[in-house]
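So you can see what is in the structure, the chains are spelled out below.
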Amino acid sequence: MTIIEREATAPVQVRGAGFGSRAGWRSVRRHSWFLLVLTAGLALRVLAGTAYRPALLYIDSVKYLEGSVATAPQGYQALLRVLEPAGGLAVVAAVQHAFGLAMAVALYALLLRRGAPRWAATLAAAPVLLDAYQLQLEQTIMPDVLFETMITAGLVVLLWRSGPWPAAVSGSGALVLGAAVTVREIGAVLIVPVVVFAALTVPGWRSRTKRAALAAGCFLLPVLAYLTGTFAVTGHFGMAGNGPSPQYGRAAAAADCAALQVPASQRALCPSPAQTLALGGIDGLLHNPRSPGHTVPVPPGLTRDEFLDRFALAVFRQQPLRVAASAASDSVRLFAPARTDDPQVTPIARWQFQDFYPTYPRRYSMAFFTRLAHAHGSGGDLAAVQPAASWLRAYQLGGGYTPGPLYAVCLVAGVAGALRRRTELRVPCLLVTLAAMVVLAGSDAFEFSWRYQLPAVALLPLAGALGVTALVRGRRSRCAAPSG
């Protein structure tokens, strides 16, 4: 065991040492930096719960609270149904804040268990604890924090034990990650890292094939159970859709209309760059009532979804490089030094704290949100409390978020760790880095939103810390090897 491994695992080996004992206080001192950051994260969450009562509501909060089966998976709604009777929306927000704290503790403990230095484990957990965009979504009635928590939980299950990994570990971790699909459909892409991870945990192609098949089956089990339940209730065997033809927005924004060959009836679906900008980018193409996707007449014999799908398919087939470049240009936004608004993407202000309680007058007024909150067990009116709300806004806009270049460094370190040979952390680095890439890029393929970047707060720092640990171990191993 290397020096770094002994130092990292020493606190875990203390048995029966209470905080009043000398050994207990030594353990506290070893983790003092993490405990300090954890305390700051707890204070920020108390402040967020105080500033926006009983919780923040967003446009899409309505469909989750009202139980719209047609437009959203039911996983998050199941959590709401359990928590609402206990105290309404304030309890939901409090539980989501608890999820944030639990994720940070789990990431820290996992990294120490896998031999990471305490400073690296603390830095990896800090974004979850201190990032204001994370805090804002924890205070908002939306499924993103639950989705992020389930991904983190699944990865912790898979990585908690050092190799060789038993089949039960691969299966249980895959089961948790598969359940995340019932919260947000984009979670389906996680089957890729799950299968790759399972295949690499055993030697021999026969064993790898069996292990990969087991992991895939466990991943799909909760998905198939959900689909079966949906069919029994609605008669429709499929995950809920997130709106009409979501691929239309990316296709229309990326298309070169002059070179595109489509039927005359579809020609009007292709907007000019100026029209796309005026509508509000991809989000406007999908949701603005003035978008061609909503206004162009549908030919007889087709539904609007089929009409838009045919146009999108034509763009994907004829201009795949333009579509890929469009998605890639959105993906790199996460790594920018500063977060600024851009008319091409969903307004970033939707994910920022405000001095007032935010509403969306074109769709939902304060009166509507208040009635909605009252209907779901919240006795008081919606309110933004000063000076807490203004302080949180100043904190967020003043740099209280994970810098984009740090995400880039973490991604590079994760990839480097996955490429490092002769280290037991190679497969864990590959799993976490690949999970981050497919979830983030999968979301960006349809539409970029800072909301969809939330998993990066937990996944990329974890990948970076594992990568750094793998690189440090490799360098120390070379230095310790006898010469000649």
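Since the model is a prediction, treat every value here as computed from it, not as a measurement.

Observations concerning the overall build of the protein
Piece 1. Along the backbone of the protein there are 24 helices and two strands.
Piece 2. For the protein, the residues scored as buried account for 50% of the 484 residues in total.
Piece 3. The long-range fraction of contacts in the protein, counting pairs at least 24 apart against all pairs at least 6 apart in sequence, stands at 76%.
Piece 4. Per element, the accessible surface of the protein, about 21400 Å² overall, is 65% carbon and sulfur.

A word on helix α21 (residues 388-397)
Piece 1. Within the span of α21, buried status applies to Ala388, Ala389, Leu392 and Gln396. Down the axis of α21, the buried side of the element spans an arc of 100 degrees, and every buried residue falls inside it.
Piece 2. Residues of α21 that are buried sit in contact with α3 (32-51), β1 (52-53), α8 (132-138) and β2 (383-384).
Piece 3. Positive backbone phi, at 115 degrees, marks Gly399, one or two positions downstream of α21.

Brief notes about the state of the cysteines
Piece 1. For the structure shown, the criterion picks out one disulfide.
Piece 2. Here Cys257 engages in a disulfide with Cys270; their sulfurs sit 2.0 Å apart. Across the disulfide from Cys257 to Cys270, rotation about the S-S bond amounts to roughly -90 degrees, and the bridge is consequently left-handed. Highlighted residues: Cys257 in the loop between α13 (247-254) and α14 (264-267) and Cys270 in the loop between α14 and α15 (273-279), separated in sequence by 13 residues.
Piece 3. Accessibility expressed as a relative area gives 11% for Cys270, which makes it buried.

Here's the deal with the environment of Arg30
Piece 1. Looking at the element boundaries, Arg30 is found in helix α2 (residues 22-30).
Piece 2. Looking at Arg30, the relative accessible area reads 30%, which means it is partly exposed.
Piece 3. Arg30 sits 88 residues away from Arg118 along the chain, and the two C-alpha atoms are 8.1 Å apart.

Brief notes about the packing of helix α9 (residues 144-159) against helix α23 (residues 426-446)
When two helices pack together, you describe them by how their axes are tilted relative to each other and by the distance separating the axes.
Piece 1. Their axes nearest at 11 Å, the elements α9 and α23 cross at an angle of 160 degrees. What the angle tells us is that α9 and α23 run roughly antiparallel. Crossing of α9 over α23 shows right-handed handedness. Contact with α9, carried on its side by Phe147, Ile151, Leu155, Leu158 and Leu159, involves Pro428, Leu431, Val432 and Val439 of α23 and no other residues of that element.

Considering the pattern of salt bridges
Piece 1. All chains considered together, the criterion is met by eight salt bridges.
Piece 2. One salt bridge connects Arg45 with Glu138, and the closest N-O pair in it is separated by 2.9 Å. Placement of the pair is Arg45 in helix α3 and Glu138 in helix α8, with a sequence separation of 93 residues.
Piece 3. Among the residues examined, Arg45 registers a relative accessible area of 4% and is labelled buried.

Some thoughts on the packing of aromatic side chains
Each aromatic ring pair is summarised here by two numbers: the centre-to-centre distance and the angle between the ring planes.
Piece 1. Counted under the stated rule, the structure contains 13 aromatic pairs.
Piece 2. Ring centres 5.6 Å apart and planes at 85 degrees place the aromatic pair Tyr64 and Tyr76 in the edge-to-face group. Note that Tyr64 is positioned in helix α4 (residues 61-66) and Tyr76 in helix α5 (residues 75-83), a separation of twelve residues in sequence.
Piece 3. The exposure class assigned to Tyr64 is buried, which follows from its relative accessible area of 3%.
Piece 4. Its relative accessible area of 0% is what places Tyr76 among the buried residues.

Concerning the confidence of the model for the protein
Atom-level detail of predicted coordinates should not be read off regions where pLDDT is low.
Piece 1. Model confidence for the protein is summarised by a mean pLDDT of 88, while 89% of its residues fall at 70 or above.
Piece 2. For the protein, per-element mean pLDDT is lowest for helix α1 (residues 3-9), which scores 40, and highest for α8, which scores 98.
Piece 3. Segment residues 1-17 is flagged for pLDDT under 50; beyond a separation of four residues in sequence, or across chains, it makes 21 contacts in the model.

Topic: the side chain of Thr433
Piece 1. On the secondary structure map, Thr433 appears in helix α23.
Piece 2. Ignoring sequence-local partners within four residues, the contact set of Thr433 consists of Leu411, Gly414, Val415 and Ala463.

Topic: the packing of α13 against helix α18 (residues 304-318)
Piece 1. Where α13 contacts α18, the axes come no closer than 9 Å and their chain directions differ by 45 degrees. Overall, the two elements α13 and α18 adopt an arrangement that is oblique. Judged by the twist between their axes, the crossing of α13 over α18 is left-handed. Between α13 and α18, the residues in contact are Gln247, Tyr248, Ala251 and Ala252 and Leu308, Asp309, Phe311, Ala312, Val315 and Phe316, respectively.
Piece 2. A per-class count over the contact of α13 with α18 returns eight nonpolar, one polar and one charged.

Each value, and the rule that gives it
- Residues numbered from 1 in each chain as written.
- Predicted model: local features only at pLDDT ≥ 70, side-chain atom pairs only at ≥ 80, totals over all residues.
- Heavy atoms only, no water.
- Helix = DSSP H or I, 4+ residues; strand = E, 2+ residues; numbered from the N terminus.
- Buried < 20%, exposed > 50% of the residue type's maximum accessible area, 1.4 Å probe, protein only.
- Contact = heavy atoms within 4.5 Å.
- Areas by Shrake-Rupley, 256 points an atom, 1.4 Å probe, with all protein chains shown as cover.
- Arc of directions from axis to C-beta.
- Disulfide = S-S within 2.5 Å.
- Axes fitted to C-alpha atoms, helices over the stretch in contact; angles between N-to-C directions.
- Parallel < 35°, antiparallel > 145°, perpendicular 65-115°, else oblique.
- Left-handed = near helix turned anticlockwise from the far one by under 90°.
- Salt bridge = Lys/Arg side-chain N within 4 Å of Asp/Glu carboxyl O.
- Phe/Tyr/Trp six-rings, centres within 6.5 Å; stacked < 30°, edge-to-face > 60°.
- pLDDT = per-residue confidence, 0-100.
- Nonpolar A, V, L, I, M, F, W, Y, C, P; charged D, E, K, R; others polar.

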